[in-house]
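Architecture at a glance
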Amino acid sequence: MSYKQQVAEKITAVLDTLGVEGFNQEKVESMLETPPNPAMGDIAFPCFQLAKALRKAPPQIAQELAEQIQGAPLREVKAMGPYVNAFLDQAIVAQQVVETILTQGNTYGSRNVGEGRKVPIDLSSPNIAKPFSMGHLRSTVIGNAIANIMEKHGYQPVRINHLGDWGTQFGKLIVAYKLWGDEAKVKAEPIKELLALYIRFHEEAEKDPSLEDQGREWFKKLEDGDEEAKHLWQWFRDESLKEFMKIYELMNVSFDSFNGEAFYNDKMDRVVALLEEKGLLTESEGAQVVSLEEYDMPPCLIKKSDGATLYATRDLAAALYRYENYEFAKAIYVVGNEQRLHFQQLYKVLEKMGYEWSKEMYHIPFGMMLKDGKKMSTRKGKVVLLEEVLSQAIADVQKVIEEKNPTLENKEEVARQVGVGAVIFHDLKNYRLNDINFSWEEMLTFEGETGPYVQYTHARACSLLRKGEYAGGNVAWAEGALDSKEAWAVITLLNHFPEVIDRAREEFDPSQIGKYVIDLAQSFNKFYANVRILAEEPELKQARLHLVAAVVVVLKEGLRLLGLKAPEEM
Ligand code: ARG
């Protein structure tokens, strides 16, 4: 139990004896505040809401409650105006917090809210034969962290890479390849070459519009299962995926499913039939649509006039498939903000179809990656491969290591963990809806609010444990060993970790954890700078190393939830 919970429990017990109703422990806990300055106490309980039930003025209530609330971990309780202010016995709290963390290890902060229920998370989802964009990077990083956080709370995440591997563009690509393609070139640099073919198709189609018809024909063939079309499509997909896998491997992200849009090709007739049955389809300019007028939204396009299905149709089929296969507790879609309307429409159509579970579908939007104030996109024909961003980050870190710690073992592995960590953290320390300014300096410095800074702090703490020959053991320590405001700041933060994960899960917001690990790292570094951790007296040293060990556990787990490794030396 956190000290907040313990205090709430005490207050609730007193309220019970007074016969006050409607104030259970959870409610009391949510009412607890932190006084504006530590001289006023560590926790404050406001009494305004009790005035009615007790028919007394809040200051009087505070006075009476203060007399009755006592016992560890409280040192002193007093009324201050309408508040009950409590002072914690810091030595007791310190011991409780550190002991809890050291016995629970990386399960500290775990909960079983999810009870093993499945949560499909649609993440990454790049498009075949197109470059992996910054948007896909954000989706990968945010989605992976959300999956880790859900898992920490007892859900079973199902990471789904809903590849963009279907649509008329594949008909065009087949035509382009048959006309101008070169197998060896595609094999050597698949994304670059396929993109070039796609661009050439559009250029040539301006002169020769019949190409467009050929493209449509070939897509039709593909939909109908034509061997040659299928073969080429499969090859484009395999080659592209090979390329994407390099990025995923570097980033240490894996998926439970690569069922992309194509997977739903044979599942769409059913969707159309269901919509028809429920009387939801109407015709609009030759196309089949579901009207969403009552929600002030444009209609959702289901089938084009030529009979071809669309992105939305495939997402409807995917939603049904996910519900039927996973009986999900929630379904999450981590996709850029520009697709907000698409997902609103999707959920509304499912609601109109009568599916209660559509209420448990969440679009988790995010902002753009900007460079010099402009959207960082893949310029026409000139591909800024994300792989290059990652390898550049790794190379930069490698240089720093060569300079500062040339004898480090497994230098390459560490450089990879820190370089990739820098890229991930640069994203996750920001609230996802904010646009991010891509900056090498900001991303890679070991001193700012960065991944390398947090990782470095973790490694530093590990090295202290090595130097102090820390061997764990009994968490009982000398009076006063952790009596410093620096130690106390670290302890209160450690105590908050579980609440931070709660909020990150409830709000699908990994940045809560990103900001938290920065705070903890900063606070630990102050402790390190001001308190002699490896003290002469063995008892003091032992107690302080226990605290360091607890910091190591929490930093490492916080980083893990975000998708970063925590090397022990760097
Ligand atoms: N491939 C799409 C794109 O790059 C994203 C897919 C998102 N997921 C989904 N179920 N629609 O824009």
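Read on for a plain summary of the structure. (Residues numbered from 1 in each chain as written. Predicted model: local features only at pLDDT ≥ 70, side-chain atom pairs only at ≥ 80, totals over all residues. Heavy atoms only, no water.)

1. Side note on the site of the ligand
Taken together, the neighbourhood of the ligand is formed by D122, S125, N127, H136, H162, Y311, D315, Y333, V335, Q339 and F343. Between D315 and the ligand, the recorded distance is 2.7 Å, taken from a side-chain N or O atom to a nitrogen atom. Coverage of the ligand by the protein chains reaches 89% of its 350 Å² of free accessible surface. In terms of residue class, the shell around the ligand is built from 4 nonpolar, 5 polar and 2 charged. (Near = heavy atom within 4 Å. Polar contact = N/O pair within 3.5 Å; in protein donor to acceptor, adjacent residues only side chain to side chain. Areas by Shrake-Rupley, 256 points an atom, 1.4 Å probe, with all protein chains shown as cover. Nonpolar A, V, L, I, M, F, W, Y, C, P; charged D, E, K, R; others polar.)

2. Some points on unusual backbone geometry
In this model, A72 is joined to P73 through a cis peptide bond whose omega is 5°. Note that P73 resides in the loop between α4 (58-68) and β2 (74-80). In this model, S124 sits at a positive phi of 70°, which is unusual for a non-glycine residue. One non-glycine residue, E469, lies in positive phi territory at about 50°. Tracing the chain through its elements places E469 in the loop between α18 (451-467) and α19 (485-506). (Helix = DSSP H or I, 4+ residues; strand = E, 2+ residues; numbered from the N terminus.)

3. Let's talk about the environment of S30
Considering the arrangement of structural elements, one finds S30 in helix α2 (residues 25-31). Given a relative accessible area of 59%, S30 falls into the exposed group. For the pair S30 and K4, spaced 26 residues apart in sequence, the C-alpha to C-alpha distance is 9.5 Å. (Buried < 20%, exposed > 50% of the residue type's maximum accessible area, 1.4 Å probe, protein only.)

4. What to know about α18
End to end, α18 covers 24 Å across 17 residues, agreeing with the expected 24 Å (1.5 Å per residue, within 8%). By the criterion of burial, α18 is predominantly enclosed, with 12 of the 17 residues buried. Here the buried face of α18 lies against α16 (411-428), α17 (440-444), α20 (511-530) and α21 (538-562). The backbone nitrogen of Y453 has a side-chain oxygen 3.0 Å away, supplied by the residue at the start of α18, namely T450. (Expected span 1.5 Å × (residues − 1). Contact = heavy atoms within 4.5 Å.)

5. Considerations on the sheet that holds strand β13 (residues 436-437)
Spatially, β12-β11-β13 is the arrangement adopted by the 3 strands of the open sheet, whose pairing is mixed. Two strands in the sheet have a free side with no partner beyond their single neighbour: β12 (374-375) and β13. As paired elements, strand β11 (residues 369-371) and β12 share 2 bridges and run antiparallel to each other. Its bridge partner lying in β12, L370 is registered against K375. (Pairing = 2+ DSSP bridges.)

6. Some remarks on the pattern of salt bridges
Pairs may arise between side chains of opposite charge once their charged atoms sit close together. Counting across every chain of the model gives 32 salt bridges. Residues E228 and K178 are paired through a salt bridge, measuring 2.5 Å at the closest nitrogen-oxygen approach. Separated by 50 residues along the polypeptide, E228 in helix α11 (residues 227-251) and K178 in helix α7 (residues 168-180) bring together distant segments of the chain. For E228, a relative accessible area of 39% gives the class partly exposed. Between E351 and K348 there is a salt bridge; the shortest N-O distance is 3.2 Å. Note that E351 and K348 are positioned in helix α14 (residues 340-352) at a spacing of 3 residues, about one turn of the helix. Because the salt bridges share partners, they merge into one network encompassing K152, E557 and R560. (Salt bridge = Lys/Arg side-chain N within 4 Å of Asp/Glu carboxyl O.)

7. Focus: the nonpolar core
Burial of nonpolar side chains together is a common tendency in soluble globular proteins. F45, L65 and L494 are the most contacted members of the largest nonpolar core, which totals 161 residues. In terms of residue count, the dominant contributor to this core is α21 (14 residues). The next biggest cluster of nonpolar side chains, apart from the first, holds 32 residues, and it includes M268, L292, Y347 and M361. (Core = buried A, V, L, I, M, F, W, Y, C linked by side-chain atoms within 4.5 Å.)

8. What to know about the pairing of strand β5 (residues 156-160)
Side-chain direction in a regular strand flips from residue to residue, so the side chains alternate between the two faces of the sheet. Within β5, 4 of the 5 residues are buried, leaving the element largely enclosed by the surrounding structure. Across 5 bridges, the pairing between strand β4 (residues 118-122) and β5 is parallel. When the bridges of β5 are listed, K118 appears paired with Q156. What joins β4 to β5 is helix α6 (residues 134-152), and the crossover it makes is right-handed. (Right-handed = clockwise from strand over helix to strand, strands pointing away.)

Interpretation note: all reported values are geometric properties and have no functional meaning in isolation.
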